[in-house]
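Topology and contacts: notes
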Amino acid sequence: MEVGSLPVELWRLILSYLHLPDLGRCSLVCRAWYELILSLDKTRWRQLCLGCLEHRHPNWPNKPGVEPQSWREAFKQHYLASKTWIKNTQDLESSNCLSLFRRRKGRRRLCVGAGGEFGSLRAALAAASPYDRLVLLPGVHEEQGEVLLKVPVEVVGQGKLGDVALLASIDQHCPTARLCNMVFMPARFTSVLYKTTSGYVQFDNCNFESGQLQIHAPGTCQVKFCTFSQSSIHLRSVALCILENCEFTGSESASVTVEGCPSSDCNWACKHLAVLAKSCAVSMQEPDPASCPMARQVGWGKSLLGPVRTCKIVVEEQSSFLSAVGAQALLGSAQEDTEFGDNLQAAKEEEYLALDSNSSDSDLHSDDEEDVQAAYKLPYQAHSLSPMLADVTHSRLQSNRLHALQRDLKLKSLQQELQQDKEAQSLASSLQGCIIRQCLFRDGKGGIFIYSRGQAKLEGSIFRDLTYAVRCIQNSKVIMLRNDIHHCKASGIFLRLSAGGLIADNNIHSNCEAGVDIRKGANPLVLCNKIHSGLRSGIVVVGNGKGIIRSNQIYGNKEAGIYILYNGNPAVSGNHIFQGLAAGIAVNENGRGQITGNVICENQWGGADIRHGGDPILRNNLISCGYSDGVVVGESGKGLIEGNAIYGNKGCGVWMVSSSLPHLINNQISHNSIYGVAVFCRKDHAGDYLPGQGGGENFQEEREGAGGENDPDSEEEYLAARHPISVALVELNSINHNGAAGLHVKSSEALNIIANVIHANRDGGVAVLQSSQLTRIADNSISCNSRGGVLVEAECQVELRGNGIYENSSHGIVSKGEGVIMENDIIGNHRCGLQLLQAADMKVTKNRIQSFRDYGIALFDEAKGLVQENLIFQGRSKKSILRPVSNAQDCIIQNNMLLTFKKRFDMECMLTNPPARPHIERGAPRSCTAADSQRVSSITTRVDGGCHNHGSIFCTIL
């Protein structure tokens, strides 16, 4: 019979009446018939799959409205899984050929209940032979005592789910069993519904109410399409078990408890379960954006956060979206409000045009003065920081460096991470312990509890409206892939007591506490998750917690995106942390951490906030477009802040309290709305946090136990690497085009400012307004600022040594304080080169000074001190030095050399021997001569294959 003899539609109609065996026979006729049978996927195969009482919709309970890719394949997987229980191979055959002649005993069908052969399940089991099928007729079946299952049987309820209720406690003592299509309720004498300590049990399409399943190794189980109402599963040292497509509701404790290390004594079914787990594994491809809603979530997150925004970086005339915060690559939901995005972008462009660097430089000179000034201009571009200055002058933001950051900080996918990290790849593919796949946990106390070296793998499940989703402690391991965890009353995922594992590609949002809480030596891999809209922090690392936190999107959280405290020491890299309602990253209460290569932008408070003994390494991050300061170092804050691009923040680039001791090294700090770097003497009190910054989290347990939980080896290594530091250090930074002074100092502690390029800021270069202890300003290039180069107020102590102070719009140096001004080049400033006012008491020696319009050195009021051995070049005004204005009797002016120029060649030779300052050999600043100054660069390296003592390796170069 040819297929082509009838229309295909008619064949499909005819074949839709066939049963499963007939469809199988038809598919064997020929290829054309085989393809015809396959074409019935959305008709007959769908009817067969949904009509089977032993199973439910393939995507139940999470996505019952989403059809599977193939109904036939889903039906096939259901059928194969239902036959796993009969694959017991413990009965050995003496010879393979004898099996051909062995008489196979048919499986009997025994009916239990009113109208059946047996009145009770106990009676039917007593008469059953191995692999018989016991059918429970509709009704309530109650057993008064514990039922022992001694032979492998299949117990199936007849009718729809709910028609058969079994009130019993079953103890399995046989190798295998299957129970299907029943409602299990506890007997009067125990809450245990079913337990096994040796055999394999399979549950399909059952309801469990107010009871518990207990599976102990070497026993194992497979549970599919079951509902647990106020019920739970307890697994002890199970080598491998599978829970699929189950729903857990209303639990009074954890819905699933996994205890003990996976047993090496595997049950016979483990190899079959491993094959089944691999064949049904959740695809490792990127998830559908529709399945992981982000900023659209119902609740406070939507109304408070609003449409997700983007952050645009403008470099000269060109503009480029950072891949970190691009509309497509980062958010997926930024398409919601196009008009809002356009308006925001226009506002940003207007704002950055106002801060455009071209205006900062060009305002210094008018057109009619350029020719006149050129005749008196001393070339200074050859000093040792000139490469940094050239980058700032020509590209205004070191565009090459910024574009390199954009390329390097692109968010990686999970596939890329797994390809690069073999440890993560091994964890993602592991099959041990309990595998929980496509389940729903809701409206209860806990989801999964793993302890005492237990192991669980969670894939594609939903956890919502629980107290916590996952709790993993005591050297246990959890592997979480593509789960949705939201609206938990406490933290979503909680790890402590040396727990570990892999948390990857999950959507964690709208939880009342942290999305991920890592404490007391826990050390997980946290990769490629979306952690957002939390009522507190995104990730908290507390009490010697560790972990590798990489390539995550962390946004819209009410407190810090990542909060590190109480000796927490994670490695945080490659994350995009944005639009938080507090700080991007907060390091507090002696927290540490290696924070490298992150994009931290558009947060309401500091991009990075370091306080109260926090001592992180903050390296090579892009910290931009924040609504407050870029980096905040509060009272007693420490840390190495190196190689970061701190750009376009509404507040200061770096804001620090004078009692803090950070090392601010080799950062690009530009286009911030207020100061580039600001140092204030205000003290923070214990409870004086910025709004939303600490104080709210409950860490009392960590305060009480912090002393006993420390890792001694790790502490010794850390202390050996980080020697006590007594002076804050600002070194080798490029501080340019900020809205106020480049460096603003109101300090009560000593400060070292060494080898920075401070250029084209909209106020002065360096302003020292309060300095009760010595502020050292050495080997800096301070140029083209909209006001003076350096301002020193009364009663301040400063040491200015080896600086190049060039072409500032006002005076080069104005001092009302005391200290030393030695070996500086103060050239081309539009007013006095050096001005001493009021009760200034300065030692001014061996400087080279020239002013375009005004005096080289001017002394006013009661200024006193020593002015000697300076070279003072003549400017346009024909003025060199003003001496009589000062009324101080002890102002000594001697041995200064006044030079005038007759030829342009003479001027070009004036800053060649020695060359223009600053003088720094091979890009490294010279050390300060004072005894208590220190220069420390701390470098953190993650060694391939793991870190020593599970911690970081710190190398210190003094």
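Data block above holds the structure.
My aim in this report is to walk through the structure given alongside it, one point at a time. Remember, predicted model here, so these are calculated numbers, not experimental data.

What follows is about unusual backbone geometry. Cis peptide bonds are those with omega within 30 degrees of zero, and the linkage from tryptophan 60 to proline 61 qualifies with 5°. Across the junction of alanine 217 and proline 218, the peptide omega takes the value 5°, indicating a cis bond. For glutamate 589, which is not a glycine, the phi torsion comes out positive at approximately 45°. With respect to the helices and strands, glutamate 589 occurs in the loop between strand E40 (585-588) and strand E41 (594-596). What makes glutamate 589 partly exposed here is its relative accessible area of 21%.

The next thing to look at is the packing of helix H1 (residues 8-15) against helix H3 (residues 31-38). Here H1 crosses H3 at 70°, and the two axes come no closer than 10 Å. In terms of axis orientation, H1 runs roughly perpendicular to H3. Residues Val8, Trp11, Arg12 and Leu15 of H1 form the contact with H3, whose participating residues are Trp33, Leu36 and Ile37. Considered class by class, the residues forming the contact of H1 with H3 number six nonpolar, no polar and one charged.

Packing of helix H4 (residues 44-51) against helix H5 (residues 71-82) leaves a shortest axis separation of 8 Å and a crossing angle of 35°. Here the hand of the crossing between H4 and H5 comes out left-handed. Residues Trp45, Arg46, Leu48, Cys49 and Leu50 of H4 form the contact with H5, whose own contacting residues are Trp71, Arg72, Ala74, Phe75 and His78. Of the residues contributing to the contact of H4 with H5, the split by class is seven nonpolar, one polar and two charged.

A few words now on a nonpolar patch on the surface. A contiguous nonpolar patch, built from Leu6, Leu10, Leu13, Ile14 and Tyr17 and spanning about 480 Å² of accessible area, is present on the exposed surface. Of note, tyrosine 17 is situated in the loop between H1 and helix H2 (20-26).

For H5, which comprises 12 residues, the first-to-last C-alpha distance of 16 Å matches the rise-based estimate of 16 Å (1.5 Å per residue) to within 8%. Among the residues of H5, those classed as buried are Trp71, Ala74, Phe75, Gln77, His78, Ala81 and Ser82. Projected onto a plane normal to the axis of H5, the buried residues spread over an arc of 160° and lie on a single side. In this fold, the buried residues of H5 make contact with H2, H4, strand E8 (176-180), strand E11 (200-204), strand E14 (220-224) and helix H8 (270-279).

Okay, the pairing of strand E66 (residues 825-829) next. In terms of burial, E66 is largely enclosed, as five of its five residues are buried. Alignment of strand E63 (residues 804-806) against E66, held across three bridges, turns out to be parallel. What sits directly across from glycine 804, in E66, is aspartate 825. Two strands pair when backbone bridges link them, and E66 and strand E69 (residues 848-851) are joined in this way by three bridges, in the parallel orientation. Looking at E69, one finds that aspartate 825 is bridged to arginine 848.

This paragraph deals with the pattern of salt bridges. Tallied over the full model, the rule gives 31 salt bridges. Among the ionic pairs, glutamate 259 bridges to arginine 236, the shortest N-O distance being 3.2 Å. Placement of glutamate 259 in strand E19 (residues 254-259) and of arginine 236 in strand E16 (residues 232-236) is noted, with a sequence separation of 23 residues between them. Overall, the relative accessible area of 16% leaves glutamate 259 in the buried class. By relative accessible area, which is 36% here, arginine 236 ends up partly exposed. Across the salt bridge formed by arginine 536 and glutamate 513, the nearest N and O atoms sit 3.1 Å from each other. Remark: glutamate 513 occurs in the loop between strand E30 (507-509) and strand E31 (516-519) and arginine 536 occurs in the loop between strand E33 (530-532) and strand E34 (539-542); sequence separation between them is 23 residues. On the basis of relative accessibility, which here comes to 21%, the residue arginine 536 falls in the partly exposed class. A single network of salt bridges, built from pairs that share partners, joins Arg107, Arg133, Glu154, Arg178 and Asp204.

Parameters and conventions
- Residues numbered from 1 in each chain as written.
- Predicted model: local features only at pLDDT ≥ 70, side-chain atom pairs only at ≥ 80, totals over all residues.
- Heavy atoms only, no water.
- Helix = DSSP H or I, 4+ residues; strand = E, 2+ residues; numbered from the N terminus.
- Buried < 20%, exposed > 50% of the residue type's maximum accessible area, 1.4 Å probe, protein only.
- Axes fitted to C-alpha atoms, helices over the stretch in contact; angles between N-to-C directions.
- Parallel < 35°, antiparallel > 145°, perpendicular 65-115°, else oblique.
- Contact = heavy atoms within 4.5 Å.
- Nonpolar A, V, L, I, M, F, W, Y, C, P; charged D, E, K, R; others polar.
- Left-handed = near helix turned anticlockwise from the far one by under 90°.
- Patch = residues over 30% accessible without salt bridge, like charges linked within 9 Å, V, L, I, M, F, W, Y side chains within 5 Å.
- Areas by Shrake-Rupley, 256 points an atom, 1.4 Å probe, with all protein chains shown as cover.
- Salt bridge = Lys/Arg side-chain N within 4 Å of Asp/Glu carboxyl O.
- Expected span 1.5 Å × (residues − 1).
- Arc of directions from axis to C-beta.
- Pairing = 2+ DSSP bridges.

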